[in-house]
Amino acid sequence: MLKYRAEIDGLRAIAVIPVILFHAGFELFSGGFVGVDVFFVISGFLITSHIFEHLDKGHFSFIDFFSRRIRRIFPALILVMTCSLVFGWFVLLSDEFNQLGKHIASSTAFISNFIFAGEVGYFDTESELKPMLHLWSLAVEEQFYIFWPLILWITWKIKQDLLLVCLFFMLSSFIINISWVVRFPTEIFFWPFGRFWELLVGSVLAWVV
């Protein structure tokens, strides 16, 4: 099993502080959202390390992999959604509460990042009235978790270089990011195609380690 890395938890703590202070409105931390990017790299590193380890031992299981993700994520996710629904019932207007229901449904299916990307506009609801907005990043991670294990497993099965595959997808996603960010800044922010390179940086680091 992949051993516990205390320094990674420390890095998570360091990353989450500027994110919280950014959302709290502290001007000094106007770039605090970069902590999300750090979390993506950490997630890519941990998930890919787990996959590499089990592929190397010859007993990688998709059932085991996804059941671990479900047990880790869904208890807290269900609690957040339930509390948000209860709170929203009392403080949100009818249209806002209906929108909350749509956001919870899309978050459960891990497609909320696409929904949020399509809602950005002059007449859109303010972000402060979207309790599920922060789950866009979880959606990106889960979309990565769905496809990446399959890609690595196929690569391992046909005996191709895992590092080259990691580098190929990382560079492809990065090129999409820098090519589209000016014309489609909202989509690049929310959609996974321009975000996967951050998780894949962690994958490359996993191979190096």
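All values derive from a computational prediction rather than experimental measurement.

## A word on the packing of aromatic side chains
Counted under the stated rule, the structure contains 22 aromatic pairs. Ring geometry for Phe144 versus Trp148: centroids 5.7 Å apart, planes at 25°, classification stacked. Pair noted here: Phe144 and Trp148 are both in helix H6 (residues 136-157), with a separation of four residues, about one helical turn. Of the two residues examined, Phe144 and Trp148, each falls in the buried class. Between Trp191 and Phe193, the aromatic rings sit 6.0 Å apart at their centres with planes inclined by 90°, giving edge-to-face as the arrangement.

## Comments concerning the pattern of salt bridges
Per the stated rule, a full pass over the model turns up seven salt bridges. Residues Lys130 and Glu119 are paired through a salt bridge, measuring 3.0 Å at the closest nitrogen-oxygen approach. In this pair, Lys130 sits in the loop between helix H5 (112-119) and H6 while Glu119 sits in helix H5, placing the two residues eleven residues apart along the sequence. Grouping residues by exposure puts Lys130 and Glu119 together as buried.

## Focus on the environment of Arg195
Along the chain, Arg195 falls in the loop between helix H8 (185-190) and helix H9 (196-208). Residues Arg195 and Phe40, spaced 155 residues apart in sequence, show a C-alpha to C-alpha distance of 8.5 Å. The contacts of Arg195, once residues within four sequence positions are left out, are Asp37, Phe40, Trp136, Val140, Ser173, Ile188 and Phe189.

## A short note on a nonpolar patch on the surface
Together, Val86, Phe87, Trp89, Phe90 and Val91 make up a nonpolar patch on the protein surface, roughly 630 Å² of accessible area in all. Take Val91: it is sitting in helix H3 (residues 62-91). With relative accessibility at 48%, the residue Val91 sits in the partly exposed group.

Rules of the game
- Residues numbered from 1 in each chain as written.
- Predicted model: local features only at pLDDT ≥ 70, side-chain atom pairs only at ≥ 80, totals over all residues.
- Heavy atoms only, no water.
- Phe/Tyr/Trp six-rings, centres within 6.5 Å; stacked < 30°, edge-to-face > 60°.
- Helix = DSSP H or I, 4+ residues; strand = E, 2+ residues; numbered from the N terminus.
- Buried < 20%, exposed > 50% of the residue type's maximum accessible area, 1.4 Å probe, protein only.
- Salt bridge = Lys/Arg side-chain N within 4 Å of Asp/Glu carboxyl O.
- Contact = heavy atoms within 4.5 Å.
- Patch = residues over 30% accessible without salt bridge, like charges linked within 9 Å, V, L, I, M, F, W, Y side chains within 5 Å.
- Areas by Shrake-Rupley, 256 points an atom, 1.4 Å probe, with all protein chains shown as cover.

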